[in-house]
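Take a look at the letters that make up each chain.
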Amino acid sequence: MIFSTPPRCAVALALIAAAAASPLLAQHTSTAATDSIGVRPAGTTHEAMVPRAMSARRGGAIVLDGRLDEPTWAAAQPVTRFTQIDPRDGEPSTERTDVRFVYDDDALYVGARMYDSRGAAGVTARLARRDADTESDWFQIVLDTYHDHLSRAFFQVNPVGVKYDGLGVAGSGVDDSWDPVWAVATRVDSAGWVAELRIPYSQLRFRPGANAQTWGLQVRRFIARLNEESQWSYWTKRESGGPPRFGHLDGLQIAPQPHHLEVAPYVTGRQSYAASSPGDPFHDGSQGTFRAGGDLKYLLTNDLTLDATINPDFGQVEVDPAVINLSAFETFYPERRPFFVAGSGIFDYGSFSCFFCSNASSLDAFYSRRIGRQPHLAGYVDNNSRYRDVPENSTILGAAKLTGRVGGNTTIGVLDGVTRSERARFVPDSGMPRERVEVEPLSNYFVARAKRAFDANGNFTLGAIATSVARRLDEPLLAARLARHAEVAGGDVVVAWHQQTYSFMASGLVSSVVGDSGAIRRAQYSSARYFQRPDRKGGRNGLFSDALDPTTNALRGYGFYSRIAKDAGDWLMETAVNVRSPGFETNDLSFLTRADYIWQVANVMRQWTRPTRYYRDLNVTVGMQNQVNYDGDLTDRDYHVHAGVSLPSFWSLSGFYMHRPVLLDDQLTRGGPVVRRVGYHFGRLTASSDARKPVVGSAQVSVQRPAGESGPGTFTVNTTVRFKPRSNVSFSIGPSFSHSASLQQYVAAIDSSPAPGFYGERYVFSTLEQRTLSLETRLNVTFTPTLTLELFAYPLLGSGDYYDFKEFAAPRALTKLVYGKSLGTIRPVVDTTGSVTSYVVDDGRPGSRPFSFANPDFNSRSLNGDAVLRWEYRPGSTLYLVWTQSRSGDSSTGDFDLTRDWTALSRTHPDNIFAVKVSYWLGR
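Residues numbered from 1 in each chain as written. Predicted model: local features only at pLDDT ≥ 70, side-chain atom pairs only at ≥ 80, totals over all residues. Heavy atoms only, no water.

Remarks on the packing of aromatic side chains
If you walk through the whole model with that rule in mind, you get 28 aromatic pairs. Relative to Y920, the ring of Y873 lies with its centre 6.5 Å away and its plane at 35°, an arrangement referred to as tilted. Of this pair, Y873 sits in strand β43 (residues 858-874) while Y920 sits in the loop between β45 (911-919) and β46 (922-923); the two residues are 47 residues apart in sequence, bridging distant segments of the chain. Aromatic rings pair up to connect F805, Y819, Y839, F851 and F853 into one cluster. (Phe/Tyr/Trp six-rings, centres within 6.5 Å; stacked < 30°, edge-to-face > 60°. Helix = DSSP H or I, 4+ residues; strand = E, 2+ residues; numbered from the N terminus.)

Regarding the pattern of salt bridges
Per the stated rule, a full pass over the model turns up 50 salt bridges. Ionic pairing is found between R130 and E872, a salt bridge with its closest N-O pair at 3.9 Å. Remark: E872 occurs in strand β43 and R130 occurs in the loop between β4 (107-115) and β5 (138-144); sequence separation between them is 742 residues. For the salt bridge of E135 with K724, the shortest nitrogen-to-oxygen distance reads 2.6 Å. (Salt bridge = Lys/Arg side-chain N within 4 Å of Asp/Glu carboxyl O.)

Looking at the side chain of S581
Looking at the element boundaries, S581 is found in the loop between β26 (571-580) and β27 (597-608). Judged by its relative accessible area of 2%, S581 falls in the buried class. When neighbours within four sequence positions are excluded, S581 is seen to be in contact with G557, Y558, A595, D596 and Y630. (Buried < 20%, exposed > 50% of the residue type's maximum accessible area, 1.4 Å probe, protein only. Contact = heavy atoms within 4.5 Å.)

Describing the sheet that holds strand β41 (residues 836-842)
Backbone-to-backbone hydrogen bonds join strands into a sheet, with any given pair of strands oriented parallel or antiparallel. One open sheet holds the three strands; their spatial order is β40-β41-β42, and the pairing between them is antiparallel. A strand with exactly one partner marks an edge of an open sheet, and here the two such strands are β40 (825-830) and β42 (851-854). Between one strand and the next, the sheet's axes are offset by a mean angle of 25°, whatever the strand orientation. With six bridges connecting them, β40 and β41 associate as antiparallel partners. Opposite V829, over in β41, you have S838 as the bridge partner. (Pairing = 2+ DSSP bridges. Axes fitted to C-alpha atoms, helices over the stretch in contact; angles between N-to-C directions.)

Re unusual backbone geometry
Backbone phi values are negative for most residues with the exception of glycine, while trans is the configuration of most peptide bonds. Here the residue pair D86 and P87 is connected by a cis peptide bond, since its omega of 0° sits within 30 degrees of zero. In this fold, P87 is placed in the loop between β2 (83-86) and β3 (97-103). With phi around 50°, H147 is a residue other than glycine that occupies positive phi space. In this structure, H147 sits in the loop between β5 and β6 (152-157).

Some points on the sheet that holds strand β16 (residues 385-389)
The three strands are arranged β16-β19-β20 in an open sheet whose pairing can be described as antiparallel. The open sheet has two edge strands, β16 and β20 (435-440), and neither has a second partner. Neighbouring strand axes in the sheet, compared pairwise and without regard to direction, differ in orientation by 35° on average.

As for the environment of A456
Structurally, the position occupied by A456 is in the loop between β21 (442-453) and β22 (460-472). It is 9.5 Å that separates the C-alpha atoms of A456 and N409, two residues lying 47 residues apart in sequence.

Some points on the state of the cysteines
According to the stated counting rule, one finds one disulfide in the structure shown. Paired through a disulfide, C354 and C357 show a sulfur-sulfur distance of 2.0 Å. A torsion of -65° about the S-S bond marks the disulfide between C354 and C357 as left-handed. By relative accessible area, C357 is classed as buried at 0%. (Disulfide = S-S within 2.5 Å.)

Some details on the confidence of the model for the chain
Mean pLDDT over the chain: 87, with 92% of residues reaching 70 or higher. Confidence drops under a pLDDT of 50 for residues 1-34, and excluding neighbours within four residues, the segment shows 105 contacts in the predicted structure. (pLDDT = per-residue confidence, 0-100.)

Section: the side chain of R594
Relative to the helices and strands, R594 is located in the loop between β26 and β27. A relative accessible area of 17% means that R594 is categorised as buried. The contact partners of R594, leaving out residues within four places of it in the chain, are A528, R580, Q627, D666 and Q667.

A closer look at the nonpolar core
By size, the foremost hydrophobic cluster in this structure holds 33 residues, and its most contacted members are V99, F101, L108, F139, F155, W215 and V219. Contacts of V99, omitting those with residues within four sequence positions, involve Q77, P78, V79, F82, V110, G111, A112, F139 and V219. Among the nonpolar cores identified, the runner-up in size contains 23 residues, and L363, A399, V469 and L589 belong to it. (Core = buried A, V, L, I, M, F, W, Y, C linked by side-chain atoms within 4.5 Å.)

Here it is in structure tokens:
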């Protein structure tokens, strides 16, 4: 089950919810220029009054040493009035904070004095790598440099100099992979602590010109020992905040900036040691590689930046976790490659939001891991060869991005990447001489995104996106599997009103895939749509495709999402609709698991944000969702309730219950007729302890019971314990165990012995009991804010026991006939070791023939891990030392034995990869 709402979603929504203007700022009409008074300055369009800070031109040298003893700082007017968000929303901050702003022709300087009544003893500081959660005191400024009430550039530091930075462009999500080059110095003393920041203009984007500028500004402080967060421009938890409610930073006189160039060449070496088979002509157990390349960033104008990469290194620092996927759908893995992660927020599309929803997905248009992916024909070579040499990934010859603004309020992003043709060598199973086949074609990937704000408060934005994939298909095997070209285009809109208390968002896409008839037929047969389903109602392939046509060379479709909601106040509510037409296909450059549905959700949430002796905040959400396919079949419905509470002890608790009734399922037979799916009752409890403590824990327990049919249920427990023995060391261990049961697990489709009423096909199912044990382990040691060591290990043991093999009694039915019990006989076939290799079934019906299928029982074992030493030896320049190890094995036994399986895993020969990478940043 997939839940699209992140942990504590309702609490997060409460933090940004809106209802009434801040009591500190409401009904104030003064235009005085001081941070202590709410103002609505002339010429601005703020719906609520906001404070203002004045910057001063640097009058002398500033040395970043964490002391603030230069005369220039004394000449700058401080901002001092801060208001709590937590733990007591609306009350003044318990500790004094003074923040001053100074500028020159090259940079903005920020000097912040964080007083503490306990002096140095009251300051909590932890060392961690950049952008990590330090669980310590911190100071943060957020800049809306375009003052468009949409953009955010975050600069945050803790008392020992650990940086966090993130970028949100034109209302997109915050991209914390953004690593601008800026300087900071901190110091803890008898009065508290001090932070001095220098932020070069070259790392920011703003409207050029020598005239005085006004930037949006927010300043925040967190005091860990009190769990107190306060902010300068204040709004309550029940209000919508963000850039429209930021204060103003005035007085900046910035001359036009020269063109800025950054170059980061790199070299990397890689040595791998992997198990090899005797007689393998391609692998002897070790392989070394060396490569060099570089990244370039050029500021074309103050608004437009060109990023380019040549022979990019896209090796991932952290390995993907192992999974056991028994579904018909692809596993989604997040992007971690630096070139694609950096600035990815500009390409975000398909805003998706819900207080709570399940088995739902956003209308995505771009999934960057498609570029440089594993070759498409890698599986074909694996299945038809004794020995093989297949590239792990497609080589990216080059890629470039153009990002920034045009016309003032229009944000654009253009990306293009080219991957080369890849070939594999293999020895066929027949033992014939070696063959060489193209496994990935020369391909070009293109994405263009634009978004424009039409409202000065950021309340009305329109956007558009277009993507294209073009391939040169000279290999017949590739032409029969891949589209020659695939395009997607669409637009989105976000509207908010009444100080963003209410909102409407919508997005739409149309897709077109063109290629040889074999490639389009594969798309029609895919698990996303199953056009071959024999009981699909008659359709036609006009402008949009909705019927099986083996001769067509095109597949077209559309997707749509819209939501209208009240996002602020004590009572919140929403309703949304999500649509994918049968022919909608975006997997060439996006991630799509299924089409052919119309999904709806409605939720009501009540939140209590004023702390009491019993809680700090509390929320309850009640709702339901519904889904039908384009034949009108009801394929999903649930009723759900969620409650979450933060306690005065800073523990958090949440509970969730969902009921799904018995419904039709158009995917269970994987291309066969519609049948009925067992319903279920699902419950989940989650608890998290106070994150300030030396030992922090969380636990989640889930239970699921079938509804409409008797059988075993599912039990899952996920736990994490994090130890912080020193200020620079953290160790976490996260054991998880799941004992899950499925009463309708797909096994096979057999056409040699058709079942009555199933259109000449027989669909075999079973009861499956699956046990999975995993242990996610992490050790982080931070020597300095720029030198860190991270170790990660993820062992996973899993087993699947298939029994009570069965078939549905009829299409659209829930009743099933179990072989050997209510239908015919079933006989296991064993090998010389006594292991079951297959089953033979005779259903006993007149004229029916016995049929067989392989034993699907499995036992899977894997261990993935890595160690990464990262040293930023000068600003923007980094050295990586990486060791990655993976090992895996499997067998056809369906039982789970911890001792046996762990012993077998430890005896499995590992694959080891050692790598070193050095990059050097040059900027002018």
